[in-house]
Amino acid sequence: MLNQKLLVSSHAPFCHNGTSIRGRSYDIILASVPAVIVGISKFHAAALAVVAFSMAWAMIWELIMNKAMKRPISIGDGNAAVIGLMFAMMMPATTPWWTIIIGTFLAVVIGKQIFGGIGCNPLNPAVLAIAVLMLSWKGVMNFDQALVNYEFDFFAPNPLGQLKSFGVLLTGAYSTHDLFWGMQAGGIGSSSGFWLILGGLYLFLRGHIRWEIPAAFLIGVFVTALIFNIASPEEYAGPVFHILTGYTLIGAFFLLTEESSSPVNFLPMILFGLLAGVMTVLMRNIGVYIDGTIYAILLVNTANPLLDKIKPKALGKGAYYA
Amino acid sequence: MIKKPFFSIGTPKLKYPVIKDLNPGFEEGIPLSEMVTVYLNKPCSPAIEEALKIGDSVKTGQRVYYDNEGSYFLSPVTGTISSLEEYIGYLGVKYTSVSIKTEPEDQEDEELKELSGKLSADNAADFLATLPGCSDFKSFIKRKYPFDTIVIEGADDDLLVSASQAVVDGQTEDLLEGIKILTKLVSVKNIFITAFPGSAQKLYDGEARVITVDPVYPELLPEMIMKKYLKRTVPAGQKAEDAGVGFIRAEAVAALNLVNKGEAPVKKAVTVIDKTGSAKNIKVRIGTPVKDVLSYLNIETAHGDRIVSGGPLKGQSIYSEDTPVLWDTDAVLVQAAGDISSCQDNPCINCGECVRACPANVPVNMLVRLLENGLYEEAAREYDMLSCIECGLCSYVCVSRIPVFHYIMLGKTEYLKLRSMEESNA
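Residues numbered from 1 in each chain as written. Chains lettered and ligands numbered in written order. Predicted model: local features only at pLDDT ≥ 70, side-chain atom pairs only at ≥ 80, totals over all residues.

Caption draft 1: Structural detail: helix α6 (residues 172-185) of chain B. Residue and element names in this part refer to chain B. With 14 residues, α6 extends 20 Å between its outermost C-alpha atoms, agreeing within 8% with the 20 Å of an ideal straight helix rising 1.5 Å per residue. Among all positions in α6, only Thr172, Asp174, Leu175, Gly178, Ile179, Leu182 and Leu185 are buried. Down the axis of α6, the sector holding all buried residues measures 145°, keeping them to one side. Among the exposed residues of α6, those oriented more than 90 degrees off its buried face are Glu173 and Lys184. (Helix = DSSP H or I, 4+ residues; strand = E, 2+ residues; numbered from the N terminus. Expected span 1.5 Å × (residues − 1). Buried ≥ 20, exposed ≤ 12 C-beta atoms within 10 Å, placed from the backbone. Arc of directions from axis to C-beta.)

Caption draft 2: Representation of the sheet that holds strand β15 (residues 331-335) of chain B within the structure. All names here are of chain B. Judged by pairing direction, the sheet is mixed, and its 5 strands sit side by side in the order β12-β11-β15-β13-β14 without closing on themselves. Two strands lie at the open edges of the sheet, namely β12 (279-285) and β14 (316-318), each paired on one side alone. Each neighbouring strand pair of the sheet contributes to a mean axis angle of 30°, computed without reference to strand direction. Pairing of strand β13 (residues 306-309) with β15, which is carried by 4 bridges, proceeds in the antiparallel orientation. Looking across to β15, one finds that Ile307 is bridged to Val334. Strands in contact with helix α5 (residues 163-170) are β11 (267-273), β12 and β15; relative to β11, the strand with the most contacts, it is inclined by about 125°. (Pairing = 2+ DSSP bridges. Axes fitted to C-alpha atoms, helices over the stretch in contact; angles between N-to-C directions. Contact = placed C-beta atoms within 7 Å.)

Caption draft 3: Spotlight on the environment of Ile83(A). Residues and elements named next belong to chain A. Locating Ile83 in the fold gives a position in helix α3 (residues 79-90). Overall, the presence of 31 C-beta atoms within 10 Å leaves Ile83 in the buried class. In this structure the C-alpha to C-alpha distance between Ile83 and Thr19, which are 64 residues apart in sequence, comes to 20 Å. Setting aside anything within four residues of it in sequence, one finds Ile83 in contact with Ala58, Ala107, Val108, Lys112, Pro125 and Ala126.

Caption draft 4: Geometry of the pairing of β13(B). All names here are of chain B. Of the two faces of β13, the one carrying Arg306 and Val308 and the one carrying Ile307 and Ser309 are both buried. Bridge count between β13 and β14: 3 bridges; the pairing is antiparallel. When the bridges of β14 are listed, Ile307 appears paired with Ile318. Connecting β13 to the antiparallel partner β14 that follows it, the hairpin turn spans 6 residues, and Gly310 within it adopts a positive phi of roughly 120°.

Caption draft 5: Broad picture of the interface of chain B and chain A. At the junction of the two partners, chain B supplies 62 residues and chain A supplies 40 residues. For the side of chain B that touches chain A, the elements supplying multiple residues, two or more each, are α8 (222-228), β13, β14, β15, α14 (393-397) and α15 (404-425) of chain B. Class assignment of the residues belonging to the side of chain B that touches chain A gives a composition of 32 nonpolar, 20 polar and 10 charged. (Nonpolar A, V, L, I, M, F, W, Y, C, P; charged D, E, K, R; others polar.)

Caption draft 6: Region of interest: unusual backbone geometry. Backbone torsion omega between Ala12(A) and Pro13(A) reads -5°, so that peptide bond is classified as cis. As for its position among the elements, Pro13(A) is in the segment before α1 (21-43). A cis amide bond links Tyr217(B) with the next residue in sequence, Pro218(B), at an omega value of 0°. Even without being glycine, Lys70(A) reaches a positive phi, approximately 55°. Judged by C-beta crowding, with 6 C-beta atoms within 10 Å, Lys70(A) ranks as exposed. In the Ramachandran plot, Glu390(B) falls in the positive-phi region, its phi being about 60° despite a non-glycine side chain.

Caption draft 7: Representation of the sheet that holds strand β1 (residues 35-40) of chain B within the structure. Residues and elements named next belong to chain B. Strand order across the open sheet formed by 4 strands is β1-β6-β5-β2, with antiparallel pairing between neighbours. In the strand order of this sheet, the two ends are held by β1 and β2 (57-58), each with one partner. Pairing of β2 with strand β5 (residues 79-88), which is carried by 2 bridges, proceeds in the antiparallel orientation. Bridged to Ser57 within β5 is Thr80.

Caption draft 8: Region of interest: the environment of Leu307(A). Residues and elements named next belong to chain A. Along the chain, Leu307 turns up in helix α15 (residues 293-307). For Leu307 and Leu244, which are 63 residues apart along the polypeptide, the C-alpha to C-alpha distance reads 28 Å. Contact partners of Leu307, with chain neighbours within four places excluded, come to Pro263, Pro268, Leu271 and Phe272.

Caption draft 9: Layout of α3(A). All names here are of chain A. Taking 1.5 Å per residue, 12 residues should reach 16 Å; α3 reaches 17 Å between its end C-alpha atoms and fits that length. Here α3 lies mainly inside the structure; 12 of its 12 residues are buried. Among the residues making up α3, those that are buried are Asn79, Ala80, Ala81, Val82, Ile83, Gly84, Leu85, Met86, Phe87, Ala88, Met89 and Met90. Elements in contact with the buried residues of α3: α1, α2 (45-68), α4 (97-112), α5 (125-136) and α13 (248-255).

Caption draft 10: Expanded view of the nonpolar core. One finds Ile152(B), Val253(B), Leu367(B), Cys394(B) and Val404(B) to be the most contacted residues of the largest nonpolar core, which totals 134 residues. Considering each element in turn, this core owes the most residues, 8 residues, to helix α9 (residues 250-260) of chain B. Other than its neighbours up to four places away in sequence, Leu367(B) contacts Val362(B), Ala379(B), Tyr383(B) and Met385(B). Among the nonpolar cores identified, the runner-up in size contains 86 residues, and Val82(A), Met90(A), Ala131(A) and Leu274(A) belong to it. (Core = buried A, V, L, I, M, F, W, Y, C linked by C-beta atoms within 7 Å.)

Spelled out as structure tokens, the structure:
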């Protein structure tokens, strides 16, 4: 019996294109490396510590939940590491250690695991954690307060904070060139302009994200900001300023495109992106919060199941042969 | 096997193999096996055991087991029946497996020989139940609602398989004559033949209108040909034949001319794909065990390999090397143990690859969630399970490596079972 030759049997198809969740996660991590490196060079070793600590804690929470719920160990698929990384990229470099532990708990446990793990989260886990932190510990998430001890060779105040507090006049102090190349205060990986676009482009070419969502989001931000700007240039900043500051670019390429909380059909993806873009600028311009991207993303995440009902007609549906 | 390129945007572009050389021919030298096995389209019953005695001798081309319902097959060899067993095939369909011990000298059946030059609508159904490339030719020509259109498949519908193309290129005359005979056997308005750009030219003289198809999967699946070239839609949950369009392999049509010439149609064109992925077309006596085909081509198999009867996307894996090559076995695919990508039990991450790959616009991401939980009726009603045209691309692209295609086939089978139970109780 032991020497018997047995064949493997399974259902068709007998080939696979080679993609996997793990490969996808590692690609997302790879795509965000340039932005993170720029952040580390800007905020020094403290930023590296935040990134490493939050990735580690995201994985620890995942492991704890796997054990507690008696599920197979799933940290190998890299999704928890990605959540930890996304979370760290949006945090200031001076984030205290306990905030990271709480934040990754919120992301991995509340945002993902209690819904059933990967693929079941209705909201982007990292964004959910940031939203809770923004509401609970305003000081930690205030970049001007958090980065007060840094000496930068560029205009240091958080651009969106300046816009909210002092109006459009002060935004003249920021050059588009500086903002584009990441010379601005903000989250570790979320204020790197060009490098985020580069990472997004890589993910797009690898087929991990679709152009529809980032493009629609950026168009939504651009057009809405432009309308505000045209209506009242002395009160509202221009569209390019909105695109290059805050969480706009990381939102477009890394947060909105999170698989589980975004739609899959063409028209829903466009609507999803546009809606998020419009809401972002509305919250920034007329809301009380400095950056509305986080809440805009959570809002459209909840609209996702409804949006995805708009789907093309399946082949042969409703056709009858007499 | 067929991997995604490093940079790729949009849906996968899987190319069919196109035979460049216009006369590749077949390898024909495979010796007759000592034992051949064929399946009769009926579960094994006392009636069959009564009619087919072990030790009965059969001749090549002879009708074996001809009952009042007209179920029979044409014996591919001369020899004696050595065993009868029940065989359960794909989706639980039951057959009777008939093994025949062969004799080296072929004796051709006289009745079939008499058909030479005299094939007609009356006698074809009585003598040609099985043809290479068509395991049920009888019900193809004897139908309650006759076809209005017939499409001859001059190109195979699965990847890596080129048997039908090789028939078109190597047996063009038989094929063109066969089309003439087919028009005599059935009266249809339109006959089409599909072909890839390279071999389309030589079919222009025939009586069938040529459809030149792009060699991109799944262009050649019946539903796709109907949608794109015939501009007709197959209703969800039905087959092309229910919509009045018959699909038949070019090989079966070419075999009609063989019968007309007085030859018994007993050899099947098979593409054999070895572990390195290189393919070879070979003519095999129907009923030959797969292991004889492989050993003739010096393909060795080891513990843990996978052998597939059919192509990589639509074939069926077999669990024994004794499984025979049958009338509709287009390919034999051998995969080394190390090349097998197994399915995993990850949940769907909603990446949408399947939705974009699906040629039938099925919302696979939602469908698979229902199927995983056994909600087959809801899957059929709300999420278009029955629109699936069974191309297998959803499983091919799945990032979570969910056996989506398997789930859908299970769902369809269970759903149809439920429905027929309800109907019988009503």
